[in-house]
Structures are given as C-alpha cells and as structure tokens.
Amino acid sequence: MAPASTPHPAPDIPTLTLATGAAIPQLGFGTYKVTEKVVEVVSSALALGYRHIDTAQMYHNEAEVGQAWAGSGIAREDLFLTSKLDNPNHEPSAARRSFAQTLLDLRTDYVDLFLIHWPLPMHYGGDFVTTWKVLEEFLADGRARAIGVSNFEPHHLRRVLDHADITPMVNQVEAHPYLPNRAVHDFDAEHGILTEAWSPLARGRAASDPVLAEIGEAHGATASQVALRWALQRGDIVFPKSVTPARQAENLQVFSFELSADEVQRIDALNEGEKGRTGTHPDLMDRL
Ligand SMILES: NC(=O)c1ccc[n+]([C@@H]2O[C@H](COP(=O)([O-])OP(=O)(O)OC[C@H]3O[C@@H](n4cnc5c(N)ncnc54)[C@H](OP(=O)(O)O)[C@@H]3O)[C@@H](O)[C@H]2O)c1
C-alpha cells in the first residue's frame, strides 16, 4: 500500500506539554482494530507525517508498530509512542513482565507514555492504585517517559490522586460530538491532566453527519475534519484511526481552519449523552 499522494505537505502538528515538560503531538494515529497489513498501514501514516502512534497490549499489534517504525528511518526522539497495560496484566508481576514485552515488541528502550487501559473496578479487589504504583516505577526507571490512565471517571481518578506520588499525566477517554464527556474533560483540566479523546470520529459516524458536513462546507473541510477540529479546539489530544491512506491524509489537514464560537455551539448541540457512547462505560467494563 503506497502512501496516498496529498495535495498538501505534511503539516506541523502542534504539541501540548505534559506534566514532565515533554511535548506530546496533539494529533496522532490510532491503531485499534488495525490487525491486517499493520506494517503497511502504520508505515503509510508515518510517511504522511504522523509522529504520534497510539497502540496497546490489547491491540496485539505492538510488534508490527515497532517494525513499521524501524523501517521508517524516523529517529526515536522524533516519534511519540503510547501503549497501554492490558486488562489481564494488572497484578504487579504481570504488569512488569508485560511492560518489558511491550518495549521488546516496539523495539525501543522506552515509551513516551504508558497508560492503564481500563480501571476494572470489579476485578483485582477493586484496587487499581497498586497497579498505578507499578507505573510509577516505570516512570522512575525511565522506561516510561510519562504515565497516565485510560477510561478513568473522576471517582476513579480521585482514588489515585489520594494515594499516588505522581498525578496521572493523561486520561484517555471516549469523546466526540455525540459524547463530549465534559465532566471528565473538566475534572482532568482542573487537575492538570491532559485529556485524550478516543474515537474522535465516533468510529466513523461523524463522516456522514449533516451538521458537521454543513459546517465543513464553509471551511472547505469534510465532516470528519470538523469533528477533529472541534476536539483540538477544546484542547484534547486525538488520534483518528484509518487503514485508508487518503483518509489518513485527510485527517492530518485540520490545522488550516478554525471553527467559530457559533459553529462550536452547533457541534456541542449534537451531544446525546450516554446514548452517544460507542464503547463500554468504564464502570461496567469487566473483560479480562
Ligand atoms: N483507550 C481506549 O479504551 C480506546 C478505545 C477505542 C479507541 N482507542 C484509541 O483511539 C483511536 C481512535 O478510535 P477508533 O479507532 O475507535 O475510532 P475513530 O478514529 O473515531 O474512527 C475510525 C473509523 O472511522 C473511519 N474513518 C477514519 N477517517 C475517516 C475519514 N476521514 N472519513 C471517513 N471515515 C473515516 C475508519 O475507517 P477505515 O479505517 O476503514 O478507513 C474507521 O472505521 C483507536 O484507534 C485507539 O488508538 C482507545
């Protein structure tokens, strides 16, 4: 699969600053459900200019992500790599063992960000603080340059904040126009935690939304680009996934226009609350 030719050069992708002082590109490439031709798909994204890859132990594609990076010629310091601890690996020994494997698979000495994928309050005696303490070890020994959580509601985060030495630097949660997840976003912001919005295209639904399409017309942008722009303007980090090079290129072109306050308000009105959720509510996710 050759990278799509794009009429625009790869954009300069803005960065946000993690609590460590390190920069994180505000737009990256998601790899959930990238299970076929993974090396080609990720190589295409890298060739187009993506420099932030979001993977996870659960996605079973870390080795291919590592292979794509190794073949890209991109210097390690020019790539931001995130992975996540899988649900069966919360016990400290399993966390340590699986994290070592993640680094081997990704062919690197460190990840830029490592997250607890789900809080799993119904497993491990409801104790995700012990797991968090293991991530603090990875930060201390330098093998994770930053650490955070994913799918943590404010009540989960409060427990971590009460017992942790290190405040999670990132919280990666589902967020898009149909489920803005504003309470989580606001809680994160109050505590200096960056929010990463997963499924920023609502798994593709945004592409055919008439309101987003109409707003896009005024900017020469597609509905998907408008959804991404909305997330970026509220300060979230996004990593849309596409196995299609033309869409990978399209999703990068979101820095040359700005949504007005009125347009943002129209997008805010697409909020469907819980009905808009595409994934499992964090309190209910129990899959090991
Ligand atoms: N922490 C978590 O629990 C969690 C959960 C879910 C996702 N994530 C992360 O967030 C990333 C993004 O979420 P996601 O993959 O679930 O969904 P998404 O990025 O919101 O949407 C992906 C879907 O949209 C389609 N698409 C992409 N760009 C498009 C465009 N420009 N026009 C039309 N359709 C387009 C893709 O199709 P094609 O691929 O066929 O082109 C795919 O079907 C994941 O890959 C993963 O890294 C994390």
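Report on the accompanying structure. In this text the structure is predicted, and so the values were computed from the model without any measurement.

## As for the pattern of salt bridges
One pass over the full model with this rule turns up 12 salt bridges. Across the salt bridge formed by K133 and E136, the nearest N and O atoms sit 3.4 Å from each other. Here K133 pairs with E136, and both are found in helix α4 (residues 129-140), just 3 residues apart, close to one helical turn. Between D268 and R182 there is a salt bridge; the shortest N-O distance is 3.5 Å. Highlighted residues: D268 in helix α10 (residues 261-268) and R182 in helix α6 (residues 182-190), separated in sequence by 86 residues. Residue R182 is classed as partly exposed on the basis of its relative accessible area, which comes to 37%. It is possible to trace a salt-bridge network through shared partners that takes in K133, E136 and D165.

## Focus on the packing of α4 against helix α5 (residues 154-163)
Helices that pack against each other are described as a pair by the angle of their axes relative to one another and the distance between those axes. Between α4 and α5, the least distance of the axes is 10 Å, while the angle of their chain directions is 60 degrees. Judged by the angle between their axes, α4 and α5 are oblique. Handedness of the crossing formed by α4 with α5: right-handed. Across the interface between the two elements, V129, W132 and K133 from α4 touch R159, V160 and H163 from α5. Among the residues forming the contact of α4 with α5, the class breakdown is 3 nonpolar, 1 polar and 2 charged.

## Here we look at the pairing of strand β9 (residues 194-198)
The element β9 is largely enclosed, with a buried count of 5 among its 5 residues. Side-chain alternation along β9 places L194, E196 and W198 on one buried face and T195 and A197 on a second face that is also buried. Across 5 bridges, strand β8 (residues 170-174) lies against β9 in parallel orientation. The residue of β9 that forms the bridge with N171 is T195. Running through α6, the crossover from β8 to the neighbouring parallel element β9 is right-handed. Relative to strand β10 (residues 237-238), β9 runs parallel, the two sharing 2 bridges.

## A few points about helix α3 (residues 92-106)
In a regular helix each residue adds 1.5 Å, so 15 residues correspond to 21 Å; α3 covers 21 Å between its end C-alpha atoms and thus fits that length. Contacts made by the buried residues of α3 are with α2 (62-70), β5 (80-85), β6 (113-116) and α4. Note on α3: the residue one or two positions beyond its end, R107, has a positive phi of about 60 degrees.

Conventions used here
- Residue numbers run consecutively from 1 along every chain, following the written order of its sequence.
- Per-residue local features of the predicted model are confined to residues with pLDDT of at least 70, and side-chain atom pairs are confined, for both listing and counting, to 80 or more; whole-chain, interface and lining totals are unaffected and use all residues.
- Neither water nor hydrogens contribute to the side-chain values; these are computed over all heavy atoms in the structure.
- Basic side-chain nitrogens of Lys or Arg form a salt bridge, by our definition, when they fall within 4 Å of a carboxyl oxygen of Asp or Glu.
- Runs of E in the DSSP output that reach at least two residues are strands. Runs of H or I that reach at least four are helices, and both are numbered from the N terminus.
- When a residue's accessible area, from a 1.4 Å probe over protein chains only, is under 20% of the maximum for its type it is buried; when over 50% it is exposed; and in between it is partly exposed.
- Only the stretch in contact is used when a helix axis is fitted, and all axes are lines through C-alpha atoms; the angle between N-to-C directions ranges over 0 to 180 degrees.
- Here roughly perpendicular refers to angles of 65 to 115 degrees, roughly parallel to angles under 35, roughly antiparallel to angles over 145, and oblique to all remaining angles.
- Each crossing gets its handedness from the near helix: less than a right angle anticlockwise from the far helix is left-handed, clockwise is right-handed.
- In what follows, residue pairs with any heavy atoms lying within 4.5 Å of each other are defined as contacts.
- Charged residues are taken to be Asp, Glu, Lys and Arg, nonpolar residues to be Ala, Val, Leu, Ile, Met, Phe, Trp, Tyr, Cys and Pro, and polar residues to be all remaining types, Gly included.
- Two strands are said to pair when DSSP picks up at least two bridges between them.
- We call a crossover right-handed when, viewed with both strands directed away from the observer, the connection leading from the first strand over the helix to the second proceeds clockwise.
- One less than the residue count of a helix, multiplied by 1.5 Å, gives the span that helix is expected to have.

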